[in-house]
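# Close look at the chain arrangement
The residues making up each chain are set out below.
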Amino acid sequence: MASTKWCLQCGGEFLAAVEVCPDCELELVDERPAPALPDDEAASGEVEYDLAEWAGEARVMLEQLLEGDGVPHAWQGATLLVPAAFEARADNHIDHVELATQAALDPDAEQVAYDLSDWSDDMQTRLEQRLLAEGVPFSFDVEGDLVVLLADEERVERLIDDIEFPDALPIDDDQGPADGGDAEQADDAGDVDAGSLLSDLFVASDRLMHDARDHEGVLSLVDAATRAESIRLPYGFDPDVWKRIVTQATELRAAFEGETDEPDEAIEARARELRAELRPLV
């Protein structure tokens with residue numbers, strides 16, 4: 001663990017126990033900011049970015065992006081120096097930070113964070129563009145996680161799914177039997193709106209993952225699990241996925257019908273697993 005930390009604004013050095021620069025009110029970083037570019041990098045020319053008007057949090061975010069991408073850089077106060085050969089990559093990261101800070105979050109509202117560390121730069125850029133297009137406020141915390149208002153959670157997860165699962169197909173409830181399909185299966189599932197059923201299961205599991213005793217969540221889950229158990233595989237559905245959904249839903253229902261003696265934490269964990277299974281499908 002580092003014994004000291006530094007400020008990106010003034011270059012001050014502090015004990016590791018200090019989190020924020022007392023002069024600049026900027027969160028400290030673990031590595032000393034380079035005072036100048038290495039000679040071999042500076043020889044090809046350098047690009048300067050005057051970021052004095054940026055908030056401290058934005059400069060910390062940019063520092064993390066540059067470090068993660070291996071972009072050589074140095075700070076002179078609030079001015080960023082980057083070798084000319086890395087200008088395009090630096091511009092890209094600066095654009096990301098500016099996009100992220102355009103729509104400010106209400107600091108008093110409840111928030112939720114998403115870890116996108118395994119996403120490519122292109123995927124993150126597309127998500128930021130979609131969030132801006134839909135007017136969803138967002139930011140990135142010092143760990144690089146996407147932060148949005150809890151009230152926008154459903155919209156954000158839909159956008160995340162659109163980008164993470166671009167080939168996912170919606171359930172076609174009017175679809176007839178495929179070639180060689182089972183006519184009996186069509187009769188069993190014909191009166192059931194599979195999309196509505198999955199939506200009910202998703203909403204119920206979402207409520208229950210936060211509160212195992214949520215009254216509406218319990219009633220909805222029991223009803224939807226019973227409906228899911230009563231039909232055969234809907235057309236266009238992967239058999240293994242459908243089996244997992246029905247199994248998880250009925251096992252969760254059993255906990256509410258007294259067939260198991262599980263604590264609330266275990267029930268909430270089951271609900272969270274069911275919701276994760278359903279999220280790409282609704």
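### As for the pattern of salt bridges
Per the stated rule, a full pass over the model turns up 16 salt bridges. One salt-bridge network, in which partners are shared between bridges, spans Glu153, Glu157, Asp206 and Arg275.

### A few points about the confidence of the model for the protein chain
Do not read the predicted coordinates in detail wherever pLDDT is low. Per-residue confidence for the protein chain gives a mean pLDDT of 77, with 79% of residues at or over 70. By mean pLDDT, the top-scoring element of the protein chain is strand β6 (residues 111-114) (90), and the lowest-scoring one is helix α6 (residues 183-189) (40). Confidence drops under a pLDDT of 50 for residues 169-191, and excluding neighbours within four residues, the segment shows 25 contacts in the predicted structure.

### So, the side chain of Asp145
Within the fold, Asp145 resides in the loop between β7 (138-140) and β8 (146-149). Buried charge Asp145 goes without a salt bridge, the closest partner of opposite sign being Arg279 at 13 Å.

### Details of the environment of His210
Looking at the element boundaries, His210 is found in helix α7 (residues 194-210). A polar contact of 2.8 Å, which involves the side chain of His210, links it to the backbone oxygen of Asp206.

### Describing the packing of α7 against helix α10 (residues 264-278)
Closest axis-to-axis distance for the α7/α10 pair is 8 Å, and the angle between their directions is 145 degrees. By crossing handedness, the relation of α7 to α10 is classed as left-handed. Together, Leu198, Leu201, Phe202, Ser205, Asp206, Leu208, Met209 and His210 of α7 and Glu268, Ala271, Arg272, Leu274, Arg275 and Leu278 of α10 make up the contact between the two elements. By residue class, the composition of the contact of α7 with α10 is eight nonpolar, two polar and four charged.

### Description of the packing of α7 against helix α9 (residues 239-256)
In the contact formed by α7 and α9, the axes pass within 12 Å of each other and the chain directions differ by 50 degrees. Taken as axis vectors, α7 and α9 run oblique relative to one another. Crossing of α7 over α9 shows left-handed handedness. Residues Leu197, Leu198, Leu201 and Leu208 of α7 form the contact with α9, whose own contacting residues are Trp242, Ile245, Ala249, Leu252 and Phe256. Here the residues of the contact of α7 with α9 sort into nine nonpolar, no polar and no charged.

### Comments concerning the sheet that holds β7
Taken in spatial order, the three strands of this open sheet run β6-β8-β7, and their pairing is antiparallel. Every interior strand has two partners, whereas the edge strands, β6 and β7, have only one. Each strand of the sheet is rotated relative to its neighbour by a mean of 30 degrees, with strand direction disregarded. Relative to β8, β6 is paired through four bridges, and the arrangement is antiparallel.

### Considering the nonpolar core
Judged by nonpolar contacts, the single largest core of 32 residues is most densely connected at Leu62, Leu80, Leu127 and Leu146. Non-local contacts of Leu127, meaning those with residues more than four positions away in its chain, are made with Leu116, Trp119, Leu146, Leu159, Ile160 and Ile163.

### Digging into the sheet that holds strand β5 (residues 79-83)
In a beta sheet, neighbouring strands pair by backbone hydrogen bonds and run either parallel or antiparallel. With antiparallel pairing, the three strands of this open sheet are ordered in space as β3-β5-β4. Each edge of the open sheet carries a strand with a single partner, namely β3 (46-50) and β4 (74-76). Across this sheet, the average inter-strand angle for adjacent strands is 30 degrees, counted without regard to direction. As paired elements, β3 and β5 share five bridges and run antiparallel to each other. The residue of β5 that forms the bridge with Tyr49 is Leu80.

### Some thoughts on α9
In an α-helix, one turn spans 3.6 residues; hence positions three or four apart end up facing the same way. The first and last C-alpha atoms of α9 sit 26 Å apart over 18 residues, in line with the 26 Å expected at 1.5 Å per residue. Every buried residue of α9 is listed here: Val241, Trp242, Ile245, Val246, Gln248, Ala249, Thr250, Leu252, Arg253, Ala254, Ala255 and Phe256. In this fold, the buried residues of α9 make contact with α7, α8 (215-230) and α10. Where α9 terminates, the next one or two residues include Gly258, which has phi positive at roughly 80 degrees.

### What to know about a negative patch on the surface
Side chains of Glu46, Glu48, Asp50 and Glu53 sit close together on the surface and give a patch of like negative charge. With respect to the secondary-structure elements, Asp50 resides in strand β3. Since its relative accessible area comes to 62%, Asp50 is described here as exposed.

### Points about helix α5 (residues 153-164)
For α5, which comprises twelve residues, the first-to-last C-alpha distance of 16 Å matches the rise-based estimate of 16 Å (1.5 Å per residue) to within 8%. When α5 is considered as a whole, its buried residues turn out to be Glu153, Val156, Glu157, Leu159, Ile160, Asp161 and Ile163.

### Structural notes on the pairing of β5
When you tally the buried positions in β5, you get five out of five residues, the bulk of the element. Neither face of β5 is exposed, since Thr79, Leu81 and Pro83 on one face and Leu80 and Val82 on the opposite face are all buried. Both β4 and β5 contribute to a ladder of three bridges, which runs antiparallel. Across the sheet, the residue bridging to Gln76 is Thr79, located in β5. Hairpin connection from β4 to β5: two residues lie between these consecutive antiparallel strands, with Gly77 at a positive phi of about 65 degrees.

About the criteria used
- Residue numbers here run from 1 along each chain, matching the order of that chain's written sequence.
- For this predicted model, a pLDDT threshold of at least 70 governs which residues receive local features, and a threshold of 80 or more governs which side-chain atom pairs are given and counted, while totals over whole chains, interfaces and linings are taken from all residues.
- Values shown for side chains rest on all heavy atoms present in the structure; no hydrogens or waters enter the calculation.
- A carboxyl oxygen of Asp or Glu within 4 Å of a side-chain nitrogen of Lys or Arg is what we treat as a salt bridge.
- Every residue carries a pLDDT, the predictor's confidence in it, which falls somewhere between 0 and 100.
- Each helix is a run of DSSP H or I of at least 4 residues and each strand a run of E of at least 2, with the numbering of both proceeding from the N terminus.
- Contacts are assigned to residue pairs with any non-hydrogen atoms lying within 4.5 Å of each other.
- Throughout this description, buried means an accessible area under 20% of the type-specific maximum (1.4 Å probe, protein chains only), exposed means over 50%, and partly exposed covers the range between.
- Charge assignment in this entry is limited to Lys and Arg as positive and Asp and Glu as negative, and neither His nor the chain termini are counted.
- We call two N or O atoms a polar contact when they sit within 3.5 Å, provided that within protein one can donate a hydrogen and the other can accept it, with sequence-adjacent residues counted only if both atoms are side-chain atoms.
- For helices, the fitted axis covers only the stretch in contact; all axes are lines through C-alpha atoms, and the angles between them, taken along N-to-C directions, range from 0 to 180 degrees.
- Crossing handedness: left-handed means the near helix sits turned counterclockwise from the far one by under a right angle, and right-handed means the same turn made clockwise.
- Side-chain classes follow a simple rule in which Ala, Val, Leu, Ile, Met, Phe, Trp, Tyr, Cys and Pro form the nonpolar group, Asp, Glu, Lys and Arg form the charged group, and the remainder, Gly included, forms the polar group.
- Roughly parallel refers to an angle under 35 degrees, roughly antiparallel to one over 145, roughly perpendicular to one between 65 and 115, and oblique to any angle outside these ranges.
- Each pair of strands is called paired provided DSSP finds at least two bridges between the two strands.
- The definition of a nonpolar core used throughout is a set of buried Ala, Val, Leu, Ile, Met, Phe, Trp, Tyr and Cys residues joined through side-chain atoms within 4.5 Å.
- One less than the residue count of a helix, multiplied by 1.5 Å, gives the span that helix is expected to have.
- Patch membership is restricted to residues that have no salt bridge and whose relative accessible area is over 30%. Joining uses 9 Å for like charges and 5 Å for the nonpolar side chains Val, Leu, Ile, Met, Phe, Trp and Tyr.
- A 1.4 Å probe and the Shrake-Rupley method give the accessible areas. Residues count as covered only by the protein chains that appear here.
- One atom stands in for each charge, and that atom is NZ of Lys, CZ of Arg, CG of Asp or CD of Glu.

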